[in-house]
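# Structural overview for review
If you want the building blocks of each chain, they are given just below.
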Amino acid sequence: MRDIPIIWSDEKETFNDDNWQKRREQIVNLLCKEEYGFLPPEPVSLASEIIQTDEEFCAGKAPLKKVLLHCTLTNGRLFTMPLTEVIPSGENVPFFVYISFSPNVPDKFLPSEEIADSGFGVLSFYYEDIVSDNSDFNNGLAEILGYKDNSACGKIALWVWAAKRAMDYAQTLPQLDKKHAAVAGHSRLGKTALLAGAFDTRFKYVISNNSGCCGAAISRGKKGERIKNITDVFPYWFKAGFDRYADKETSMPFDQHFLIAASAPRFVYVSSSEDDSWADPQAEAAGCRFASEAWSKSSLKGFVCDDEKIETGKSYHDGNIGYHIKRGKHFLGREDWHHFMKFINTKKN
Ligand code: GCU
């Protein structure tokens with residue numbers, strides 16, 4: 001079906017951990033070159049400043065802190081990003097870096113108290129505090145880097161760079177369990193979370209909700225939004241030139257399963273919504289199926305699903321790629337968070 005590019009060709013080399021890491025890097029490089037662009041350089045230093053603490057948050061069970069991360073860039077300029085942390089008391093707290101559509105904590109997609117009550121911390125940042133979600137590159141991180149347009153990278157890559165800074169900051173917090181860190185996002189920020197996982201192996205769990213086109217969904221044969229649609233309306237999310245594949249999906253030397261596979265052998269979670277025809281749940285599940293090759297080569301299981309057609313309401317948590325599809329529309333809800341946390345708890349124990 002669909003003439004899908006293969007992730008690993010046995011003819012070239014036998015599969016082992018070292019060879020896979022090399023291949024993984026090639027895949028990430030290919031995705032950068034063709035689709036998202038290359039990430040800006042790592043900062044030369046990062047300093048954090050807590051500007052507000054609410055000890056009463058969640059009845060005092062999980063204090064909220066507002067933090068500024070001051071990043072000194074290689075060009076000598078300073079980029080400061082706000083971040084909010086909500087960490088329940090305790091030791092070895094697993095946590096999410098959540099790339100948010102809103103500066104508010106909690107918000108409709110982020111049920112802070114339920115997450116804290118389940119024993120997880122969240123470090124979140126508002127994506128437009130990094131750079132605006134439009135074609136203007138003369139603001140935020142893009143302006144400080146001197147990027148005028150998407151010739152080096154698109155906005156998704158800039159949001160990924162920020163997720164990595166949140167992870168840098170997490171390393172300084174003793175109460176967090178750095179071995180059990182997740183990156184999560186919804187929709188365009190689900191695409192971002194997948195790319196963040198591809199780049200940053202410190203994220204053991206890579207979670208994308210309703211990420212659809214240019215996220216978890218296979219582009220070849222995809223229904224709903226296609227490369228033509230996304231590059232017409234949101235060209236600035238991608239590296240300049242990605243629109244050459246509009247209506248030419250079959251000529252791409254990759255497909256979106258490469259993006260999922262780039263986090264192997266770690267854990268990836270993909271969630272769909274039944275009525276999200278724009279994202280195309282079947283294409284998202286196909287992304288998981290085709291990416292599984294990267295896990296099965298090392299005798300792990302990727303997406304474990306015996307059903308020919310994914311079943312709404314059912315979760316598929318047996319392999320290293322977790323998946324569920326919920327009733328309803330494009331949304332990130334409590335149900336999804338509970339699935340994510342259940343999956344992580346199962347895999348970490
Ligand atoms: C649009 C876009 C999608 C994207 C979504 C979102 O619908 O076409 O690709 O995922 O916005 O981020 O909400």
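This section reports on the structure supplied with the text.

What counts, and at which threshold
- Residues numbered from 1 in each chain as written.
- Predicted model: local features only at pLDDT ≥ 70, side-chain atom pairs only at ≥ 80, totals over all residues.
- Heavy atoms only, no water.
- Helix = DSSP H or I, 4+ residues; strand = E, 2+ residues; numbered from the N terminus.
- Expected span 1.5 Å × (residues − 1).
- Buried < 20%, exposed > 50% of the residue type's maximum accessible area, 1.4 Å probe, protein only.
- 1 Å grid on protein atoms, 1.4 Å probe; cavity = no way out; pocket = protein on both sides within 12 Å on 5 of 7 lines; lining within 4 Å.
- Points joined across faces, edges and corners; volume = space filled by probe spheres on them.
- Nonpolar A, V, L, I, M, F, W, Y, C, P; charged D, E, K, R; others polar.
- Near = heavy atom within 4 Å.
- Polar contact = N/O pair within 3.5 Å; in protein donor to acceptor, adjacent residues only side chain to side chain.
- Areas by Shrake-Rupley, 256 points an atom, 1.4 Å probe, with all protein chains shown as cover.
- Phe/Tyr/Trp six-rings, centres within 6.5 Å; stacked < 30°, edge-to-face > 60°.
- Lys NZ or Arg CZ within 6 Å of the ring centre and 35° of its normal.
- Core = buried A, V, L, I, M, F, W, Y, C linked by side-chain atoms within 4.5 Å.
- Contact = heavy atoms within 4.5 Å.
- Pairing = 2+ DSSP bridges.
- Axes fitted to C-alpha atoms, helices over the stretch in contact; angles between N-to-C directions.

### What to know about helix α10 (residues 334-348)
Its 15 residues give α10 an end-to-end C-alpha distance of 21 Å, which sits within 8% of 21 Å, the value for a rise of 1.5 Å per residue. Every buried residue of α10 is accounted for by D336, W337, H339, F340, M341, F343 and I344.

### A closer look at unusual backbone geometry
With an omega dihedral of -5°, the bond running from V105 to P106 counts as a cis peptide bond. Examined against the element boundaries, P106 turns out to sit in the loop between β4 (93-100) and α2 (112-117). The omega torsion of the bond from A264 to P265 falls at 5°, within 30 degrees of zero and hence cis. Note that P265 resides in the loop between α7 (257-261) and β8 (267-273). One non-glycine residue, D280, adopts positive backbone phi at about 70°. Looking at the secondary structure, you find D280 in the loop between β8 and α8 (281-291).

### Things to note about the layout of surface pockets
The method is simple in principle: a probe with the dimensions of a water molecule rolls over the atoms, and the space it marks as empty is what remains. The calculated volume of the largest pocket comes to roughly 200 Å³. Its residues placed into classes, the lining of the largest pocket shows three nonpolar, three polar and four charged. Taken together, 17 residues make up the lining of the second largest pocket; nearest its centre are P82, L83, T84, P103 and D129. At the level of elements, β2 (64-72), β3 (78-86) and β5 (121-126) are the ones that each hand at least two residues to the lining of the second largest pocket. Its residues assigned to classes, the lining of the second largest pocket comprises 10 nonpolar, five polar and two charged.

### Topic: the site of the ligand
In the vicinity of the ligand, the contacting residues are F101, S187, R188, K191, E225, I230, F234, W237, W278 and H330. In the environment of the ligand, an oxygen atom lies 2.8 Å from a nitrogen or oxygen atom belonging to the side chain of S187. When the ligand sits alone it has 320 Å² of accessible area, and the protein chains cover 82% of it. Here the residues of the shell around the ligand are counted per class, giving five nonpolar, two polar and three charged.

### Description of the packing of aromatic side chains
This model, assessed by the stated rule, comprises 26 aromatic pairs. Between Y245 and F254, the ring centres sit 6.3 Å apart and the planes meet at 85°, which makes this aromatic pair edge-to-face. One aromatic cluster in this structure is built from F96, Y98, F120, Y205, F267, Y269, W337, F340 and F343. Over the ring of F137 we find K155; its NZ or CZ atom is 4.5 Å from the centre of that ring.

### What to know about the nonpolar core
If you look at the biggest cluster of nonpolar residues, it comprises 93 residues, and the most contacted ones within it are W20, F125, L158, F303 and Y323. Considering every element that reaches this core, the biggest residue donor is helix α4 (residues 155-170), with 12 residues. Those residues in contact with W20 that sit more than four places away from it in its chain are I7, W8, F15, I27, A261, A264, P265 and A294. Ranked by size, the runner-up nonpolar core spans 26 residues in total, among them V86, Y98, V122 and A182.

### Describing the sheet that holds strand β1 (residues 45-54)
Ordered by their spatial adjacency, 10 strands build an open sheet running β1-β2-β3-β5-β4-β6-β7-β8-β10-β9, and the pairing between neighbours is mixed. In this open sheet, the two strands that pair with only one neighbour each are β1 and β9 (315-316). In this structure, β1 lies alongside β2, joined through nine bridges in antiparallel fashion. Looking at β2, one finds that S45 is bridged to T72. Each of β4, β6 (176-186), β7 (205-209), β8, β9 and β10 (321-326) is contacted by α10, which is oriented at about 155° to β8, the strand it contacts most.

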